[in-house]
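Spelled out, the chains give:
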Amino acid sequence: MTDASIVIVDYGMGNIGSVAHALDLLGGRYVVSNQRDALRHASGVILPGVGAFAAAMINLHALDLVEELSEQVLGRRKPFLGICLGMQLVATDSVENGFSKGLGWVDAHVHAMAPPQNLRVPHVGWNGVARKPDHPLFARIEDNAHFYFDHSFHVACGAAITIASCAYGDQYAAALQQDNILAVQFHPEKSQRNGLKLLRNFLNIVAAC
């Protein structure tokens, strides 16, 4: 196969078409694949996701992708971007529809959102994102820029790896980084100009490695 810079992991749960279209707009080189060989040839990995945590993990195991993903991301330290459910899957576990183990790459746990003030769950729509200054994933993106969210569960993680947050009654982690692992709770592929900027920044991070 021809080497590709990015693999968008197709495990039956992702917003694949929108992510691929966004990379097309940016001129990014990618393949959509659920093959382990594609991951071995990749320079970076995007794990999108829409749906339930437990079903996603079942699909990843059924496709025999969990070990290969861990080898490429943890072992070979390839740049990784998790999107929405993809962010949640890097956590240790989730309580969505009962207890489920995640990929376990990050010391974090997925909990149901319970915002005060009777705010609606799921959290759907545009929300400002407060990011750490000078972080390369948010280069050339203004602080409190708006991104598009659609989720009922959130990742609870330490402040040291939280690189952006959103206020929706409470403060929730909107993005995290641990070493080469990057993840965002919002959908950059649906977030218009700011989302394209963020995906461009990820492509730049991959290119620099």
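Right above here is the structure, for reference.
What counts, and where the lines are drawn
Sequence order as written defines the numbering, with residues in each chain counted from 1. Local features in a predicted model are, by the rule used here, given only for residues with pLDDT of at least 70; side-chain atom pairs are given and counted only at 80 or more, and totals for whole chains, interfaces and linings are based on all residues. To obtain the side-chain values, all non-hydrogen atoms of the structure were used and water was disregarded. The criterion for strand pairing is that DSSP finds at least two bridges linking the strands in question. Helix and strand assignments come from DSSP, with helices taken as H or I runs of at least 4 residues and strands as E runs of at least 2, each series counted from the N terminus. For every residue, the accessible area obtained with a 1.4 Å probe (protein chains only) is divided by the maximum for its type, and the residue is called buried under 20%, exposed over 50%, and partly exposed between those limits. To get an axis, fit a line to the C-alpha atoms, keeping to the stretch in contact for a helix; angles then go from 0 to 180 degrees between the N-to-C directions. Every residue pair with non-hydrogen atoms within 4.5 Å of one another is taken to be in contact. By convention in these notes, a salt bridge is any Lys or Arg side-chain nitrogen within 4 Å of a carboxyl oxygen on Asp or Glu. Should an angle lie under 35 degrees it is considered roughly parallel, over 145 roughly antiparallel, and from 65 to 115 roughly perpendicular; all remaining angles are considered oblique. Amino acids outside the nonpolar list (Ala, Val, Leu, Ile, Met, Phe, Trp, Tyr, Cys, Pro) and the charged list (Asp, Glu, Lys, Arg) are all regarded as polar, and Gly is one of them.

Q: Explain the sheet that holds strand β7 (residues 108-112) here, please?
A: In a beta sheet, neighbouring strands are held together by backbone hydrogen bonds and run either parallel or antiparallel to one another. Spatially, 4 strands are ordered β6-β5-β7-β10 in an open sheet, and the strand pairing comes out mixed. In this open sheet, the two edge strands, each paired with only one partner strand, are β6 (100-101) and β10 (153-157). In this sheet, β6 lies alongside strand β5 (residues 93-94) in antiparallel orientation, the contact comprising 2 bridges. Note on β6: the bridge partner recorded for Ser94 is Ser100.

Q: What should I look at first to understand unusual backbone geometry in this one?
A: The omega angle of the peptide bond from Val121 to Pro122 is 10 degrees, so this bond is cis rather than trans. With respect to the helices and strands, Pro122 occurs in the loop between β7 and β8 (123-131). Positive phi, normally seen in glycine, also occurs at Asp64, with a value near 60 degrees. Tracing the backbone through its elements, the reader meets Asp64 in the loop between α3 (53-62) and α4 (66-75). Of the residues examined, Asp64 reaches a relative accessible area of 38% and is grouped as partly exposed. Its identity is not glycine, yet Asn97 carries a phi of approximately 55 degrees, on the positive side. When you line up the elements, Asn97 lands in the loop between β5 and β6. What makes Asn97 exposed here is its relative accessible area of 67%.

Q: Looking at this model, I keep getting lost on the sheet that holds strand β4 (residues 80-83). Mind explaining?
A: With mixed pairing, the 9 strands of this open sheet are ordered in space as β2-β1-β3-β4-β13-β12-β11-β8-β9. Edge positions in the sheet fall to β2 (30-33) and β9 (145-151), since each has one partner strand and no second. Within the sheet, the average angular offset between the axes of one strand and its neighbour, ignoring direction, is 25 degrees. Across 4 bridges, the pairing between strand β1 (residues 6-9) and β2 is parallel.

Q: For this particular structure, what's the right way to read the side chain of Ser5?
A: If you trace the backbone, Ser5 turns up in the segment before β1. In this structure Ser5 touches Arg29, Ala42, Ser43, Gly44 and Val206, once residues within four positions along its chain are discounted.

Q: How should I be thinking about the pattern of salt bridges in this particular structure?
A: Oppositely charged side chains may form a pair once their charged atoms are brought near each other. In total, this model carries 3 salt bridges according to the counting rule given. Of the charged contacts in the structure, one is a salt bridge between Glu68 and Arg40, with a shortest N-O distance of 3.1 Å. A residue pair is termed long-range when its members are at least 10 positions apart, and Glu68 in helix α4 and Arg40 in helix α2 (residues 36-41) qualify at 28 residues. Under the relative-accessibility criterion, Arg40 is labelled partly exposed at 43%. Residue Arg76 pairs with Glu71 through a salt bridge whose shortest N-O separation is 3.6 Å. We classify Arg76 as exposed; its relative accessible area is 56%. Look at Glu71 and you get partly exposed, because its relative accessible area is 37%.

Q: Whenever I open this one, α4 confuses me. Can you help?
A: Buried within α4 are the following residues: Val66, Glu68, Leu69, Ser70, Gln72 and Val73. Contacts from the buried residues of α4 go to β1, α2, β3 (44-47), α3, β4 and β13 (181-184). Downstream of α4 by a residue or two, Arg77 has a phi angle that is positive, lying close to 55 degrees.

Q: Is there a simple way to explain the packing of helix α1 (residues 16-26) against helix α6 (residues 192-208) in this structure?
A: Describing two packed helices takes the angle between their axes plus the distance from one axis to the other. At a minimum axis separation of 10 Å, α1 and α6 run at an interaxial angle of 75 degrees. The angle between the axes of α1 and α6 places the two elements in the roughly perpendicular class. Counting all contacts with α1, which are made through Ala22, Leu23, Leu25 and Leu26, the residues of α6 involved are Leu196, Leu199, Arg200 and Leu203. A per-class count over the contact of α1 with α6 returns 7 nonpolar, no polar and 1 charged.

Don't take any of this as a statement about function, it's just geometry.
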